[in-house]
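Breakdown of the fold
What follows is the residue order along each chain.
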Amino acid sequence: MANNSNGFVRVMKRFFAFLKRKDDEEVNKKPIIGYRGRQALILLVFVGFSVFIGYNLLKFTVVDGDMWRQKANSQQMTQTTIKAKRGTIYDSSGTVLAQSSTVWNVIINPQGIKKANEERLKAYDKKLVKWQEDKSADKKPMEPYQDLAELICYGLAEILEVTPDDMLNACAEARFQYIVAKHKVEKPEVMKVQQFLADNNINSDCVSTEETSKRYYPNNTLASGVIGFTNFDGDGVYGLEAYYDDYLRGTDGKAFYSKDGLGQGIDNINDSIYSAIDGNSLVLTLDEVLQHYVEKNLEKGLSQYAVINRATAIVMNCKTGGILAMATTPSYDLNNPSVLKNPYDLQKLAEMEEAGASEEEISAQRSIFRETQWKNKAVTELYYPGSVFKTVTCAAALDEEVVNMESTFHCDAVFDVQGTKIKCWSSAGHGTVNLQQAITKSCNPSFIQIGQKLGVDKFCNYFEAFGFTERTGIDLPGEAQSLYVPRARMGQVELASSAFGQTNKITPIQMCTALCAIVNGGYLVTPHLVDKILDSSGNVIETKGTQVKRQVISEDTSKQMRTILETIVSQNGGSNAYIMGHRIGGKSGTAERIDEYNAAKALDPNAKMTYISTFAASVPMDDPEIVILVAFDTPTGSAFYGSQVAAPVVSAIFNDSLEHLGIYPTYTAEEQEEMDAVVPYVLNSLSMKAESTLAAKGFKVRIIGDATASDATVKRQIPSSNATIRKGSTVVLYLDTETEAETGKVPNVIGMNADEANKRITEAGFNIKIVGGAAQNADAVAVEQSIAAGTVAEQGSVVSVTFQYNTQSD
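Let me begin by describing the structure that accompanies this report. In this text, all values refer to a predicted model and were calculated from it rather than measured experimentally.

The rules we used
Residues numbered from 1 in each chain as written. Predicted model: local features only at pLDDT ≥ 70, side-chain atom pairs only at ≥ 80, totals over all residues. Heavy atoms only, no water. Helix = DSSP H or I, 4+ residues; strand = E, 2+ residues; numbered from the N terminus. Rg over C-alpha atoms; globule rule 2.2 N^0.38 Å. Buried < 20%, exposed > 50% of the residue type's maximum accessible area, 1.4 Å probe, protein only. Contact = heavy atoms within 4.5 Å. Lys, Arg positive; Asp, Glu negative; His and termini not counted. Charge placed at Lys NZ, Arg CZ, Asp CG, Glu CD. Expected span 1.5 Å × (residues − 1). Pairing = 2+ DSSP bridges. 1 Å grid on protein atoms, 1.4 Å probe; cavity = no way out; pocket = protein on both sides within 12 Å on 5 of 7 lines; lining within 4 Å. Points joined across faces, edges and corners; volume = space filled by probe spheres on them. Nonpolar A, V, L, I, M, F, W, Y, C, P; charged D, E, K, R; others polar. Axes fitted to C-alpha atoms, helices over the stretch in contact; angles between N-to-C directions. Phe/Tyr/Trp six-rings, centres within 6.5 Å; stacked < 30°, edge-to-face > 60°. Left-handed = near helix turned anticlockwise from the far one by under 90°. Salt bridge = Lys/Arg side-chain N within 4 Å of Asp/Glu carboxyl O.

**Description of the overall build of the protein**
- Per the secondary structure count, the protein includes 25 helices and 32 strands.
- Its C-alpha radius of gyration of 43 Å places the protein more than 25% over the 28 Å reference for a compact globule of 810 residues.
- Taken along its principal axes, the extent of the C-alpha atoms in the protein is 170 × 90 × 60 Å.
- By the burial criterion, 44% of the 810 residues in the protein qualify as buried.
- For the protein, the proportion of contacts with a sequence separation of at least 24, taken over those separated by at least 6, is 73%.
- Of the charged side chains in the protein, 79 are positive and 98 negative, and the gap between their average positions amounts to 11 Å.

Now the structure itself:
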């Protein structure tokens, strides 16, 4: 045992001796870095650290300072856009056509709602504890707690007529502070929202409103193709809204506010507001009253002639180029532009649905129809002008003196041009005619001969000079470029068909602009819709004056053309565009839709030709101010010639609007004898006085009752006062109220001329009112009567009868 202990002691002594030896070796070992080295090392580390800190301070405060300040500001500042008010669009008299009204976006703040809900819940829990501690027997029952998010979302959904689901989901996630419950809410709804918030003690940290604007069109469909509309973001996408968007839109302002870590607003000296600059306003050349007359009559024609591819009309001041009216029908509602209005489009969609077309196919077709209805047909679509273009060929030939008023041409119904036989619209031909007869009868072979006298170069020179190879420059988007045979490729056959308007495709606005040059002395003007631009204070900042591009024909040629065009309308007692007392000139056109026909023929050998029916007119022809062009694309009724379809519409527009435009009739003595007169008011007058008053106005009188009685006064008159009827018509006077009115059956006068219809109606005891400029034409017949044949009506009633010159002439 002792030996073992001694051995352990020896081992331990050796171990400690080893450790001491190692310690001595470490003490005696020379250090790698001395005292000064260690000082240098510590200094180096300190300097390096200082450089690192200094570099980063410099980087964050100077080099990248703007970036970090911007990030800090983004966390500490909130930015709000102050929307600029879009400019107003006025007609020429100051009537508002488009304006922006103040509306509001309703905003919810999911994070704010979550925070407020937590605070409300705590308050409710405290109230619940007190309620539970209350041991009184008459304490009221405690209402269950309603989640604030549900209260807000369901409440707003009911007021704003939206679904609550998206709002509820946003509140459940509570990731955002800004969610739009509904855009562009009108004031009545906003007031309901504010009342809801007040009733439920909900503050603006949860729900707020922000002011914005909404585009509003007071006249709904009026001038829709011209005005255009704005998209959801307020940007103009069609019409003047798009073309003048940079003027109308204005410049949005900005407001910068400080906020705390919870996103709540706080007062800060750095808050700043940059006010919005409202948009400029447009004053148009457009006349709202005239526009109404144009659209009303265009829609009537669309219906009566079963037109399937829309119609268009342009009324232009031929001296200035100002567009007074421009319409495409069917139009659409500018306040609801996505709703289709064309009955043929709606019928097509219904047929597709019945045939089992897929939703995708129907949706795609609906989009096509929608895009089409938004387009302005007068500017964006090409067509063959047909015989209206003969005015251009005639003017060019007169200006070049290759023809004159005594020139003659021969028509055998077919004309051979280098082996190509070109037909006249008249299968019988026109025989030998002079220049006036050639254009009045709209003879195609005659105009082929006139084109040949001009030759390719001169024809092309005038074609270019009248503006058919370039866009007019009208201030509307999407103006189409014409498709025409260039000079280098125009042979004799192309020249022949071009001369009567059946080769080159142009826009209606190009044709109307050329017609202005033909009658205004020869000057090609730029058509325009905007007269002046106003700033937000109403000051004129820009005026759009008359722009004359060039003189195309001489004053003398223009004067000759005015005589020719007036003769077309007034000859033989008047055409369908004739109006007594007004000097009107015009030309019809019936263009074949050749491209569509060829495409249809390839699919169906029985396909039939379709047409575009046009009439162009100017008034007054002694000093023209107005040019109008009306075109119906694809009438499908029994009539399709321009003289039958478009001319009566032009006459109706003129009848409605000429006096409004300051163009008054001047009657000859002969015309004054044939004029209608207004029935005077004779109620309560003694019978003899009433007879005298009516006779002075040119009316006959028929008295029913005892005219010898001392109190024989008029108790009833038929027609009533202010009715307009022909002089010599009979006014029926009743002298008591007990006598039953005498009646009769209205005769059928459809197909009769004016004299025959007048005789038949007056013999039946009624009065006739003649409608239609062609009534005095020997070939004009009644095509419509206001009271249907066989109807029992009071004798003396007025039957309006419309007459048309139905000769087949394009």
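**Let's talk about helix 20 (residues 555-570)**
- Here helix 20 spans 23 Å end to end across 16 residues, near enough to the 22 Å set by a 1.5 Å rise per residue.
- Along helix 20, the positions that sit buried rather than exposed are Thr 557, Ser 558, Met 561, Arg 562, Ile 564, Leu 565, Glu 566, Ile 568 and Val 569.
- Elements that come into contact with the buried residues of helix 20 comprise helix 15 (390-399), helix 16 (435-440), helix 19 (508-519), strand 20 (585-592) and strand 21 (611-619).

**Some remarks on the pairing of strand 13 (residues 414-417)**
- Every second residue of strand 13 is oriented toward a common face, the buried set being Phe 415 and Val 417 and the non-buried set Val 414 and Asp 416.
- Strand direction decides the pairing type here: strand 13 and strand 14 (residues 420-423), joined by four bridges, are antiparallel. From the neighbouring strand, Asp 416 faces strand 14, where its bridge partner is Lys 421.
- Turn length for the strand 13-strand 14 hairpin, with the two strands adjacent in sequence and antiparallel, is two residues, and the turn residue Gln 418 shows positive phi of about 50°.

**With respect to empty space enclosed by the protein**
- Considering all chains together, one arrives at three cavities of 30 Å³ or more under this definition.
- Along the walls of the largest cavity sit Thr 391, Leu 515, Val 519, Leu 565, Gly 585, Gly 586, Lys 587, Ala 616, Ala 617, Ser 618 and Val 627, which together make up its complete lining.
- Broken down by secondary-structure element, the contributors of at least two residues to the lining of the largest cavity are helix 19, strand 20 and strand 21.
- Per-class residue counts for the lining of the largest cavity are six nonpolar, four polar and one charged.
- Quantified by volume, the second largest cavity comes out at close to 50 Å³.
- In terms of lining, the second largest cavity is formed by Phe 466, Gly 467, Phe 468, Glu 470, Arg 471, Thr 472, Gln 510, Thr 513, Leu 524 and Lys 549.
- Taken together, the residues that form the lining of the second largest cavity break down as three nonpolar, four polar and three charged.

**Concerning the layout of surface pockets**
- Estimated volume of the largest pocket: approximately 1,500 Å³.
- The wall of the largest pocket is formed by 48 residues, among which Asn 655, Ile 770, Val 771, Gly 772 and Gly 773 lie closest to the centre.
- Looking at the lining of the largest pocket, the elements with two or more residues in it are helix 11 (288-304), helix 22 (642-657), strand 26 (724-726), strand 29 (767-771), strand 30 (780-785) and strand 32 (798-805).
- At eight residues, helix 22 tops the list of elements feeding residues into the lining of the largest pocket.
- Its residues assigned to classes, the lining of the largest pocket comprises 19 nonpolar, 20 polar and nine charged.

**Brief notes about the sheet that holds strand 27 (residues 730-734)**
- The strand order 24-27-25 describes an open sheet built from three strands, whose pairing is mixed. Only two strands of the sheet have a single partner each, and these edge strands are strand 24 (700-704) and strand 25 (716-718). Direction aside, neighbouring strands of the sheet carry axes that sit 20° apart on average.
- Of the pairings in the sheet, the one linking strand 25 to strand 27 comprises three bridges and is antiparallel in character. Residue Gln 717 lies in a different strand from strand 27, and its bridge partner there is Leu 733.

**Some words on the packing of aromatic side chains**
- Evaluation of the coordinates by the stated rule reveals 17 aromatic pairs.
- Ring plane angle 55° and centroid distance 6.2 Å describe the contact between Phe 389 and Phe 459, whose orientation is recorded as tilted. Residue Phe 389 is located in the loop between helix 14 (377-380) and helix 15, and its partner Phe 459 is located in helix 17 (residues 444-465); the two are separated by 70 residues in the primary sequence.
- The interplanar angle of 25° and the centroid separation of 4.6 Å between the aromatic rings of Phe 640 and Tyr 641 together place this pair among those described as stacked.
- A relative accessible area of 22% places Phe 640 in the partly exposed class.
- Under the relative-accessibility criterion, Tyr 641 is labelled buried at 10%.
- Aromatic rings pair up to connect Phe 389, Phe 459, Phe 463, Phe 468 and Tyr 484 into one cluster.

**A closer look at the environment of Thr 802**
- Its place among the elements puts Thr 802 in strand 32.
- Separated by 18 residues in sequence, Thr 802 and Glu 784 place their C-alpha atoms 5.1 Å apart.
- Residues in contact with Thr 802, not counting those within four places in the same chain, are Val 771, Val 781, Ala 782, Val 783 and Glu 784.

**Some points on the sheet that holds strand 32**
- Taken together, three strands build an open sheet; the order of strands is 29-32-30 and the sheet is mixed. Two strands close off the open sheet at either side, each with one partner strand: strand 29 and strand 30. Averaged over all pairs of adjacent strands, the angle between their axes in this sheet comes to 40°, without regard to strand direction.
- Pairing geometry for strand 29 and strand 32, over five bridges, is parallel. Within strand 32, the position partnered with Val 771 by the bridge is Thr 802.

**A closer look at unusual backbone geometry**
- The omega torsion of the bond from Val 619 to Pro 620 falls at -15°, within 30 degrees of zero and hence cis.
- Pro 719 follows Ile 718 through a cis peptide bond whose omega is 0°.
- Summarising the element assignment, Pro 719 is placed in the loop between strand 25 and strand 26.
- Positive phi, normally seen in glycine, also occurs at Glu 401, with a value near 60°.
- Tracing the sequence through the fold places Glu 401 in the loop between helix 15 and strand 12 (408-411).
- Judged by relative accessible area, which is 69%, Glu 401 ranks as exposed.

**What about the packing of helix 17 against helix 18 (residues 492-499)?**
- Direction vectors running N to C along helix 17 and helix 18 enclose 115°, while the axes themselves pass 8 Å from each other. Considering how the two elements wind past one another, helix 17 and helix 18 form a crossing that is right-handed. Here Phe 447, Ile 448, Gly 451, Gln 452, Gly 455, Val 456 and Phe 459 of helix 17 lie close against helix 18, whose contacting residues are Gln 492, Leu 495, Ala 496, Ser 498 and Ala 499.
- Of the residues assigned to the contact of helix 17 with helix 18, the class counts are seven nonpolar, five polar and no charged.

**Comments concerning the pattern of salt bridges**
- Enumeration according to the criterion identifies 28 salt bridges in this entry.
- A salt bridge links Lys 182 to Glu 189; the shortest N-O distance between them is 3.7 Å.

**What to know about the pairing of strand 20**
- Among the eight residues in strand 20, seven count as buried, and that is most of the element.
- Of the strand pairs in this sheet, strand 20 and strand 21 are connected by eight bridges, and their pairing is antiparallel. Counted as the bridge partner of Ala 591 is Ile 612 from strand 21.

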